[in-house]
Every structure is written in structure tokens, then in C-alpha cells.
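# Architecture at a glance
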Amino acid sequence: MSRIVTAFNKTVVEYFRKTSLNGFGLLYFIRKRRIQRIFWFLFISFGILFASYAVFSMILEFLSYSTIADLSELKVLEDETHFPELKICSGYKFSHKNMLASAHDLVNSPKKSLDFWLQKLALLSGYFDPFSVKEEDVDDINFLLDIKNISSFLLGLTPACESLILRCKVNNIPANCSKLFTLKAYNDGICCALGRGNLTGELTLFMDSSHIDEYPLNGNFPGFSLHVPSWQGRVSINPGEIAAVEIEVMELQGNSQLNEYAIEKRACYFSQEGESREKCLHECRIKATLINCQCVPYPFEFRTQKFGHCTLENITCLQLVERNWSPAQCPQCLPLCNQLFYRLHKQILGHLHPWRSELNFKFKTPHRQLYKTNILYHWYQMLSNVGGVLGICIGCSFISGFELIYFLVFRLWSNYLRQPET
């Protein structure tokens, strides 16, 4: 037998005879009691296997899910709960009254009928929805209309906020609607936007969906749609409804210690690292249009000297992008670690004149659901958990680990040197 094998056998015997691990020493001291030794060997083997499985599972869970979310409720004072950015969009993308006024102005130039110009102006809905028009219908529209500033022209065709929102009240006190709402262009239409501010309490709006704005276009509907920046933040209001709209707020709060992890690991951005997922997806969609169509789509928020604005001449390419683009193409767009989510709940309280609607906005409760995202395990918690499993299953500790290293290195080498050369 070689020197190393003899030294190893001798070291193993010494380890089991002198080890501080409870129970391991019995494998040496009861070596003449075969049945007891087999039983104890099987029991220790089971403990080692179970400890290995538990530690391995714990490490895999830590590598797969490094964070954990806790749900609780947070009470917020009324004056600290501000209204989110609220969009009120008419069901009619274009106002019939404004369309007639623009068509009358065009009739006085080239000699075309009023109906002809109304049909051509209706094709401008392709800026909001590329599938609402056909390529053969928009071939000559840019030449015929010769519009220098399409953004201003489209704003002039849509229902004005003054005609949609007749009166406003903040906490039952009359307010100037024109100071609260601004007409803004979005990729899906032009809406009256309530900007982020210090508006709290209750907001009451008296609205008009008058037939003078009604215009027969694809996708048009009587009434209004309400939007807040959240995937569950949309409701529709029909003409004549008295509705109470409650806003439910959810807060996602990320522990600052999540900065220790890579962005891909925690799957969220802090404010200094990136922007909201909605804004990122919007910019990603614009970049897809830039790559495929070599132009910036409406509402032309992206400024670049290299590319011009998309027109209806690019409708085929815009339809192709609209058909094939999906959020899955933008894996870099992650949510913020700290942000607020909103959900709208509508309740119909009664009915008014068929063209009028009344809306009352308020927060559902003075509480909001709070989702706290924390680190699943800190390094000391991980060490404690592993040590607890090893201690329960096999009675192992730091001292036991260093003891094993001592026997496998120093005692093995000492026993090897003491063996005579063959």
C-alpha cells in the first residue's frame, strides 16, 4: 500500500476519534458493534444529504429571487395625497364644428366641394391610428393640404377643452378650468390633461359631449375616456351620466440596499438610473419607427436633426411598425423601484341631460397599499441560515470546518512524512 493511502487511512481514523462533531466519533468508538455502527453511519449519511439539499435549495432560491415583496397599508394625510396626471379624452378625435370651419377655409382656395375637403381632413386621423386610413387614399393629401405645422393644425381640429369641460370645482369651490387643464397631444389622440400639481381633495367636473363635435370616424364613440398613468387607470364615461370616480393608490417602495444588486437582478430602476416603464416603452416604440421608417411619428416628441417628421406618405411603414411592434422587443424597459400606481373605479349615481355628464373624483381611502421590496437575504442572514441547517442536521460549525481542514492538510501531511519509504 502506498504511503499516501496509508497516511490517509490513518488521518481518517484520527479524525473520527478526535472530531468535535457530535455523533461522528461513535463511528470509531463502536467499530466492534457492527449493527450499531451501520445504523449510525446511515443516520449521519442521511443528515449530510438532507443538509446538502437544504443548503443547495436555499442558494438556488437566493440566486433566482434575490428580493421579496411585503404587502402592508400606509395611512396618508389628505393634503399629502395629490391627484395624478389625468387625461380626459373626447370620444371624437375631430370636432365636427372645427372640421367644417377648416373645410370652409379650404373651399375658398382650390375649387373643390365642401364634402371633398371634409373627406380629406378625415384622413388626418391616420396620425393617431395608422390603420384608420388606406395607402391609396392618402397619396395626394400632403400636396392638397400643404400644411406647414401639422401639430397645430391637428390641435385646431380636435374638441377644445373649453367646450368639453364647462365648469370645475376643487373641494366644492369653483375653479378656473383653463388653468387646470391643457390640450396636449399623445400618440393615441389629443386630450385635456390635468398636470401634476398640488391638487388634493375632491375634483368635480361638468362636461359636455355636444353633438356639434360629433363626427363619423372609425373608432369614434359618444362620451369620454379617462386615463391615469397606470395600466389599470382607464374608464369610459357615457353622455348623461353622473359618475363618481374613485382613485385607488398603490405604492411600490424599494429598499435602498437594492442598489447592491445589478439592475438585471432586481429588475427595476432607481430614479437616478432610468425612467418609468411607460416612458421607456414609448421611446422604444419611437426608435422602432426611426429604424424602419426613417422618420419621427406623431406627436413628434423625439427631436433629431437626422430624421424628419412622419407624414401620411409613410402610412404603409407606420402600419408595419404598428403591426409588428410589442413591448417584448424592449427588455431594457423596467419599472421604477419607487413609484405610485393608480386604479380607477367608476360608480354611476344618476343621469343628466343626454349631452351632459358630471364627474366627481376623489381618493378611495386615506390609506394606500404599500408594496415594500427588500433583499431576500443579507450576507449575515444567509450565513446564519446555512449555519443553522448544518448545525441541526450534522452539528457542524465554523470550528468544525476549520477542524476538517486541519486534518485534511496538516495531519495528513504529518502522517505522510512519518510513513517509511518502500
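The sections below set out a description of the structure shown in this document.

## Focus: the overall build of the protein
For the protein, the helix and strand inventory stands at 14 helices and 15 strands. A buried classification covers 41% of the 422 residues belonging to the protein. Partitioning the intrachain contacts of the protein with sequence separation of at least 6 by distance along the chain shows that 76% fall at a separation of at least 24. Taken as a whole, the protein presents about 24700 Å² of accessible surface, with 57% of it coming from carbon and sulfur.

## Some remarks on the environment of Met-58
Within the fold, Met-58 resides in helix H3 (residues 34–64). Assessed through its relative accessible area of 11%, Met-58 is described here as buried. C-alpha separation for the pair Met-58 and Asn-385, spaced 327 residues apart in sequence, amounts to 8.6 Å.

## Concerning the state of the cysteines
Inspection of every chain in the model, using the stated rule, returns eight disulfides. Shown here is the disulfide that connects Cys-293 with Cys-317, its sulfur atoms set 1.9 Å apart. Because the sign of the S-S torsion sets the handedness, a value of about -100° for the bond joining Cys-293 and Cys-317 places this disulfide among the left-handed ones. Placement of Cys-293 in helix H11 (residues 277–293) and of Cys-317 in helix H12 (residues 315–324) is noted, with a sequence separation of 24 residues between them. Considered together, Cys-293 and Cys-317 belong to a single accessibility category, that of buried residues. Sulfur-sulfur distance for the disulfide between Cys-295 and Cys-310 comes to 2.0 Å.

## Structural notes on the side chain of Glu-251
Tracing the backbone shows Glu-251 in strand E10 (residues 241–254). Only 3.5 Å separates the side chain of Glu-251 from the side chain of Gln-253, close enough to count as a polar contact.

## Overview of the packing of helix H4 (residues 96–107) against helix H7 (residues 150–157)
Where H4 contacts H7, the two axes come as close as 8 Å, and the packing angle between them is 125°. As summarised for this structure, H4 and H7 are arranged oblique, according to the angle between their axes. On H7, the residues touching Asn-98, Met-99 and Ser-102 of H4 are Phe-153, Gly-156 and Leu-157. Of the residues that constitute the contact of H4 with H7, the class distribution is three nonpolar, three polar and no charged.

## Description of the sheet that holds strand E2 (residues 86–90)
Pairing between the strands of a sheet comes from backbone hydrogen bonds, and it takes one of two forms, parallel or antiparallel. Across the sheet, which stays open at both edges, the five strands sit in the order E5-E6-E2-E8-E9 with antiparallel pairing between neighbours. Looking along the sheet, the strands with just one partner apiece sit at the ends: strand E5 (181–186) and strand E9 (234–237). If you compare each strand with its neighbour and ignore which way they point, the axes differ by 30° on average. The pairing of E2 with strand E6 (residues 189–194) spans three bridges and is antiparallel. Among the inter-strand pairings, Ile-88 is bridged to a residue of E6, identified as Cys-192.

## Focus: the pairing of strand E8 (residues 224–227)
Alternating positions in E8 separate into two faces, Phe-224 and Leu-226 on one and Ser-225 and His-227 on the other, with burial throughout. Note that E2 and E8 share four bridges and pair antiparallel. Bridged to Cys-89 within E8 is Ser-225. Across four bridges, the pairing between E8 and E9 is antiparallel. In the sheet register, Leu-226 faces E9, and the bridge partner there is Val-235.

## Describing the packing of helix H1 (residues 3–18) against helix H14 (residues 398–418)
Two elements in contact, H1 and H14, have axes separated by 8 Å at closest approach and are oriented at 135°. Viewed along their axes, H1 and H14 adopt a mutual orientation that is oblique. Handedness of the H1/H14 crossing: right-handed. Two secondary-structure elements touch here, H1 through Arg-3, Ile-4, Ala-7, Phe-8, Lys-10, Thr-11, Glu-14, Tyr-15 and Lys-18 and H14 through Glu-403, Leu-404, Phe-407, Arg-411, Leu-412, Asn-415, Tyr-416 and Leu-417.

Rules and cut-offs
Residues numbered from 1 in each chain as written. Predicted model: local features only at pLDDT ≥ 70, side-chain atom pairs only at ≥ 80, totals over all residues. Heavy atoms only, no water. Helix = DSSP H or I, 4+ residues; strand = E, 2+ residues; numbered from the N terminus. Buried < 20%, exposed > 50% of the residue type's maximum accessible area, 1.4 Å probe, protein only. Contact = heavy atoms within 4.5 Å. Areas by Shrake-Rupley, 256 points an atom, 1.4 Å probe, with all protein chains shown as cover. Disulfide = S-S within 2.5 Å. Polar contact = N/O pair within 3.5 Å; in protein donor to acceptor, adjacent residues only side chain to side chain. Axes fitted to C-alpha atoms, helices over the stretch in contact; angles between N-to-C directions. Parallel < 35°, antiparallel > 145°, perpendicular 65-115°, else oblique. Nonpolar A, V, L, I, M, F, W, Y, C, P; charged D, E, K, R; others polar. Pairing = 2+ DSSP bridges. Left-handed = near helix turned anticlockwise from the far one by under 90°.

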